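Structure at a glance
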Amino acid sequence: MSQYQRLLLIADPQQHQSPAARRAVALARASGAALHALVFVEPPARTYLWEEHLEDSEREAYLQRHERWLQVEAQWMAEEGVQVTTQVIWSTQVLKDMLAYIDEFRPDLLIKDVTLESALKRVFVTPLDCHLLREAPVPVHLVNDAPHKLPRRIVAAVDPAQSDTQIRGLNTQIIQTAHALALQCDAQLHLLYAYDLMPMLDGVAPVASTAWSVNCLDELRDSLHKEFERLGDEHNVPQEFRHFIMGPPVPGIAQFVDEYLVDVVVMGTVHRTGFGRLIGSTTERALYSMPGSILAVKASGAA
């Protein structure tokens, strides 16, 4: 049974046959899904600096240039046996227009190339990709690289440390999404939890009682491992594909991805406010910290 019916590719006019485009075509071909390739066109930079508006003829020429580029892309996609449609949209508020389009179109999966931003720039401006992770109402597949058009190894990165209903539901959604992708691609599905116990004990373990701290750490680790194994059992993940590793989440996941040559990490996003929004979620930080690609999901009803 096909896992996808409609895929939406937000294409990058700066790249020909980009990693995201190759991944979108491969998924569409494998699933029989219709692929819609979309380009958002912003006014040229000089418009903001020296002119209030583009002349209609200039705007039309600018749009036609992007339409010709997209038609070239669509041609090789169609030659791969994919049903593809295209659209070019003029926008002066790309994020707003993009989210509105996604909300109306409601694809089974949104696919986009990762736009690499410097750490300094991310301090002052939230990248478009991070906005999509937080706000898009559908699963978002951000492709950093695609050495294999179809993923061969897929990892569901869960967090059994959080016991509230939203996170428990999110863990289930992560595994189900990863499983669906693995079925579609005939890929290996791995379950991963990178745990860091010390932040969980911050302000709890008495500094003077080393033995108490060690016992507490052991009990906490056992509790997390038990919950992790429960998730694996519940979703029928083979024991050899379960990975319970110690270390901060982002470096731990990045090392695992590099060591196991993982193609896609399926992770969750939650609504954050205040300082949590400022520093970014684990998923957002992983986006710029590891090889491979991310597929981000929200718990059902969280969008």
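Everything below is about the structure shown above.
Note that the coordinates shown come from a computational prediction; the quantities given were computed from them, not determined experimentally.

Here we look at the overall build of the chain
Of the regular secondary structure elements, the chain holds 12 helices and 10 strands. Counted over contacts in the chain with a minimum sequence separation of 6, partners at least 24 positions apart contribute 79%. Summing over all exposed atoms, the chain offers an accessible surface of approximately 15700 Å²; the carbon and sulfur share of this is 51%.

Let's talk about the environment of tyrosine 62
Note that tyrosine 62 resides in helix 3 (residues 56–79). The exposure class of tyrosine 62 is buried, given its relative accessible area of 19%. Remark: the alpha-carbon pair of tyrosine 62 and tryptophan 90, spanning 28 residues in sequence, is separated by 9.6 Å. Each residue touching tyrosine 62, except ones within four places of it in the same chain, is listed here: Val41, Glu42, Pro43, Pro44 and Trp90.

Focus: the sheet that holds strand 9 (residues 264–268)
Read across the open sheet, the 10 strands follow the order 3-2-1-4-5-10-9-6-7-8; overall the sheet is mixed. Sheet topology places strand 3 (84–90) and strand 8 (242–246) at the edges, where each strand pairs with a single neighbour. Adjacent strand axes in the sheet meet at a mean angle of 25°, parallel and antiparallel pairs treated alike. Where strand 9 meets strand 10 (residues 293–297), 5 bridges bridge the pair, whose relative direction is parallel. Residue pairing in the sheet places valine 265 in a bridge with isoleucine 294 of strand 10. Against the sheet, helix 1 (residues 19–31) contacts strand 1 (6–10), strand 2 (34–41), strand 4 (109–113), strand 5 (140–143) and strand 9, and its axis sits at roughly 150° relative to strand 4. Along the sheet, helix 3 makes contact with strand 1, strand 2 and strand 3, crossing strand 3 at roughly 160°.

Section: the nonpolar core
As a rule of thumb, nonpolar side chains are buried together in soluble globular proteins. Ranked by internal contacts, the top residues of the largest apolar core, which has 56 residues, are Leu7, Leu9, Leu35, Ile111 and Ile154. Counting contributing residues, this core receives three or more from each of domain 1 (1–147) and domain 2 (151–302). Dropping the residues within four chain positions of it, leucine 35 is found in contact with Leu7, Leu9, Ala24, Val25, Ala28, Met77, Val82, Gln83, Val84 and Thr85. Of all hydrophobic cores here, the second largest spans 37 residues; its members include Leu99, Leu133, Ile253 and Val265.

A closer look at the packing of helix 4 (residues 94–105) against helix 6 (residues 128–135)
Interaxial distance between helix 4 and helix 6 falls to 11 Å at its minimum, and their mutual angle equals 35°. Helix-helix and strand crossings are classified by hand; for helix 4 and helix 6 the assignment is right-handed. Contact with helix 4, carried on its side by Leu95, Met98, Leu99 and Ile102, involves Leu128, His131, Leu132 and Glu135 of helix 6 and no other residues of that element. Taken together, the residues of the contact of helix 4 with helix 6 sort by class into 6 nonpolar, 1 polar and 1 charged.

Quick word on the side chain of aspartate 263
Along the chain, aspartate 263 turns up in the loop between helix 10 (249–260) and strand 9. Look at aspartate 263: it is buried, it has no salt bridge, and the nearest opposite charge is arginine 23 at 4.9 Å. When near neighbours in sequence (up to four residues on either side) are disregarded, aspartate 263 contacts Pro147, His148, Pro151, Arg152, Arg153, Gly292 and Ser293.

Section: the packing of aromatic side chains
All told, the structure shown has 8 aromatic pairs when counted by the stated rule. Geometrically, the ring pair formed by tyrosine 101 and phenylalanine 105 is stacked, given 5.8 Å between the ring centres and 20° between the ring planes. Of this pair, tyrosine 101 and phenylalanine 105 are both found in helix 4, 4 residues apart, which corresponds to roughly one turn of the helix. Classification of tyrosine 101 as buried rests on a relative accessible area of 17%. Judged by its relative accessible area of 16%, phenylalanine 105 is buried. A ring pair is formed by tyrosine 193 and tyrosine 195, whose centres lie 6.1 Å apart and whose planes are at 35°; its orientation type is tilted. A single burial state applies to tyrosine 193 and to tyrosine 195, both of which are buried. For the cation-ring pair, arginine 6 lies above phenylalanine 105, with the distance from its terminal atom to the ring centre recorded as 4.2 Å.

Criteria and thresholds
Residues numbered from 1 in each chain as written. Predicted model: local features only at pLDDT ≥ 70, side-chain atom pairs only at ≥ 80, totals over all residues. Heavy atoms only, no water. Helix = DSSP H or I, 4+ residues; strand = E, 2+ residues; numbered from the N terminus. Contact = heavy atoms within 4.5 Å. Areas by Shrake-Rupley, 256 points an atom, 1.4 Å probe, with all protein chains shown as cover. Buried < 20%, exposed > 50% of the residue type's maximum accessible area, 1.4 Å probe, protein only. Pairing = 2+ DSSP bridges. Axes fitted to C-alpha atoms, helices over the stretch in contact; angles between N-to-C directions. Core = buried A, V, L, I, M, F, W, Y, C linked by side-chain atoms within 4.5 Å. Domains from an automatic or database assignment. Left-handed = near helix turned anticlockwise from the far one by under 90°. Nonpolar A, V, L, I, M, F, W, Y, C, P; charged D, E, K, R; others polar. Lys, Arg positive; Asp, Glu negative; His and termini not counted. Salt bridge = Lys/Arg side-chain N within 4 Å of Asp/Glu carboxyl O. Phe/Tyr/Trp six-rings, centres within 6.5 Å; stacked < 30°, edge-to-face > 60°. Lys NZ or Arg CZ within 6 Å of the ring centre and 35° of its normal.

This is a description of form; function is not addressed.
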